[in-house]
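What follows is the residue order along each chain.
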Amino acid sequence: MKLQRNGRSKALAIGAMALVSSLSLAACGSDNNNNTTATGGTSGSAAPASAINCGKAGSLIAAGSTAQTAAMDVWKTSFAAACSGSAINYQGGGSGAGIQQFNQGKVQFAGSDSALKPAEVDASKAVCTGGQGIDLPMVGGLISLVYNVDGVDNLVLDGPTAAKIFDAQITKWNDPAIGALNPGAKLPDAEIQTFHRSDDSGTTENLTKYFAATSGGAWSYPAAKAWAGKNGQSANGNAGVAAQVKQVKNSISYTELAFAQSNNLKSAAINTGAAKPVEATAANAANTFAKAQITGTGSDLALKLDYATKDEGSYPLVLVTYEIVCDKGNKADTLETLKSFLTYTASDAGQQAIGEKGYVPLPKSLTEKVNSTITALA
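The model shown is predicted, which means the values in this text are computed figures rather than measured ones.

1. Some details on the overall build of the chain
Move 1: Broken down by element type, the chain carries 13 helices and 14 strands.
Move 2: Just so you have it, the chain exposes about 14,300 Å², and 49% of that area is on carbon and sulfur atoms.

2. Side note on the state of the cysteines
Disulfide: a covalent bond formed between the sulfur atoms of two cysteine residues.
Move 1: Taken as a whole and judged by the stated rule, the model has 2 disulfides.
Move 2: Paired by a disulfide, Cys54 and Cys83 hold their sulfur atoms 2.0 Å apart. Looking along the S-S bond of the Cys54-Cys83 disulfide, the torsion reads about -85°, which is the left-handed sense. Of this pair, Cys54 sits in the loop between α1 (18–22) and β2 (59–64) while Cys83 sits in the loop between α2 (69–82) and β3 (87–93), and the two are 29 residues apart along the sequence.

3. A few points about the confidence of the model for the chain
Move 1: Looking at the chain as a whole, its pLDDT mean stands at 87, while 87% of the residues score no less than 70.
Move 2: Contacts for the low-pLDDT stretch residues 1–45, under 50 throughout, to residues beyond four places or in other chains number 126 contacts.

4. Some points on the nonpolar core
Move 1: Counting residues in each nonpolar core, the largest one holds 93 residues, and the members touching the most others are Trp75, Leu145 and Phe341.
Move 2: No other element matches strand β5 (residues 133–148), which puts 8 residues into this core.
Move 3: Among residues more than four places away in sequence, those in contact with Trp75 are Met138, Val139, Glu323, Phe341, Tyr344, Thr345, Gly350, Gln351 and Ile354.
Move 4: Membership of the second largest hydrophobic core comes to 8 residues, among which are Phe195, Ala239, Ala260 and Leu265.

5. A look at the pairing of β3
Move 1: Pairing analysis gives 6 bridges linking β2 to β3, with the strands arranged parallel. Each bridged residue has a counterpart across the sheet, and for Gly64 the counterpart in β3 is Gly93.
Move 2: Handedness of the crossover is the feature at issue here: the chain leaves β2, passes through α2, returns alongside β3, and the resulting connection is right-handed.

6. Quick look at the pattern of salt bridges
Oppositely charged side chains are able to pair whenever their charged atoms sit close together.
Move 1: Following the criterion strictly, the structure yields 11 salt bridges and no others.
Move 2: Two residues, Lys76 and Asp73, come together in a salt bridge whose shortest N-O distance is 3.6 Å. Residue Lys76 and its partner Asp73 are both found in helix α2; the two are separated by 3 residues, about one turn of the helix.
Move 3: On the basis of relative accessible area, Lys76 is assigned to the buried category, the value being 0%.
Move 4: The salt bridge involving Asp199 is made with Arg197; its shortest N-O contact spans 2.7 Å. Note on accessibility: Asp199 and Arg197 belong to one class, buried.
Move 5: Residues joined by salt bridges that share partners form a network here, namely Lys117, Glu120, Glu205 and Lys225.

7. Remarks on the packing of aromatic side chains
Move 1: As enumerated under the stated definition, the model contains 10 aromatic pairs in all.
Move 2: With a centroid separation of 5.3 Å and 80° between ring planes, the pair formed by Phe79 and Phe341 is classed as edge-to-face. Residue Phe79 is located in helix α2, and its partner Phe341 is located in helix α11 (residues 332–345); the two are separated by 262 residues in the primary sequence.
Move 3: A residue is classified by how much of its surface remains accessible, and Phe79, at 0% relative accessible area, is buried.
Move 4: Assessed through its relative accessible area of 0%, Phe341 is described here as buried.
Move 5: Considering the side-chain rings of Tyr210 and Phe211, the 5.9 Å spacing of their centres and the 45° angle between planes classify their relative orientation as tilted.

8. Regarding unusual backbone geometry
Trans peptide bonds make up the majority, and among non-glycine residues the majority have a negative phi.
Move 1: The phi torsion at Ala168 lies on the positive side, around 60°, for a residue other than glycine.
Move 2: In this structure, Ala168 sits in the loop between α5 (159–166) and α6 (176–181).
Move 3: Using a relative accessible area of 27% as the deciding quantity, one classes Ala168 as partly exposed.
Move 4: Even without glycine at this site, Asn264 takes up a positive phi of about 55°.

Rules used throughout
Every chain begins its residue count from 1, and numbering advances along the sequence as written. In keeping with the predicted nature of the model, local features appear solely for residues at pLDDT of at least 70, side-chain atom pairs appear and are counted solely at 80 or more, and the whole-chain, interface and lining totals rest on all residues. Side-chain metrics in this entry use all non-hydrogen atoms of the structure; hydrogen atoms and water are not considered. Runs of H or I in DSSP of at least four residues are treated as helices and runs of E of at least two as strands, each being numbered from the N terminus. Under the convention used here, a 1.4 Å probe and the Shrake-Rupley method define accessible areas, while residue burial counts only the protein chains that appear. We call a pair of cysteine sulfur atoms a disulfide when they lie within 2.5 Å. Scored from 0 to 100, pLDDT reflects the predictor's confidence in each residue. A contact between two residues is defined here by any heavy atoms of the two lying within 4.5 Å. Take the buried Ala, Val, Leu, Ile, Met, Phe, Trp, Tyr and Cys residues and link them wherever side-chain atoms come within 4.5 Å; each set so joined is a nonpolar core. The cut-offs for exposure are 20% and 50% of the maximum accessible area for each residue type, with area from a 1.4 Å probe on protein chains only; residues under the lower value are buried, those over the upper are exposed, and the others partly exposed. Whether two strands pair comes down to DSSP finding at least two bridges between them. Orient the strands so they point away from the viewer, and a crossover whose first-strand-to-second-strand path over the helix runs clockwise is right-handed. The salt bridge criterion pairs a side-chain nitrogen of Lys or Arg with a carboxyl oxygen of Asp or Glu, the two atoms within 4 Å. Working definition: a ring pair exists when centres of Phe, Tyr or Trp rings (six-membered ring for Trp) sit within 6.5 Å. Plane angles under 30 degrees give stacked, over 60 give edge-to-face, the rest tilted.

Structure, rendered in structure tokens:
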């Protein structure tokens, strides 16, 4: 089957995240990018009812990032179980689609793996009466470079080599550049089959930000949600690219860790210039989040991530999914439910529940700021 082508800057001191190492990185349910309601999807570790302040019963419609779909499955199931009469309907489709629907007033909040652009903030003012859209970091994760190559179990890549692979500058698995990073590996004389996202994706934008920061000019395109690299095949959503890599030999793509785990895919370690390659684990991603900075202004909590980190044990390909909401001008009939749900997702219980699905629980120093902002939504 042929696929289609396709200012306030604050240092955020996070400290050690011992919680991450104690969490089981169990596989999560697959994301099929379909509409899911509060009674469907994959249930995770249910939060105790005491962890959720239900408030007024109501229903929320949301859309966007597929990277956070498994997290939403956990959260909406727990919220619906604790709050009789409430339901969360979250549809994937990608970050770009989610922001578009938010700015059209079709959803109460959107999920995006990249912060709002100035033009998107301006557009949000039409639906956020007296206010504007803001970014609330809610889901910490990492992007795995997933691959399916027989006989290769511990692939190592770096920024320049990965960028060249995804831009068809390196086309064979036994290319000398890959061999130099993998001495002793039995790399096949086979064509590399690359897969990228067909939808506008925050995961794509984070990957290309990494390429821009680390490839030494090998990636010549601007970081963006839309794929710009040469050649390759496309699939929709994190689930789509993960499924293709699982099925196609000698393939490689990029997907959020939860989808790598749920599909039993191998993830490449990254040579960052540290003493040894860094594995794609939640604990290593947490080390990178430790140096994130808040760059948003006012009530916006957009973060700056260091994709070029060379710190020992710091995995560079990380992402934060934001929940996009109005700071003012939210719909009065759903505001209380919106605040209740988001307060739960940012709580210790909510973060721990998705940590058990392969995500990286955000540090308390950040979630306290998130919850303070949620309380002030109007």
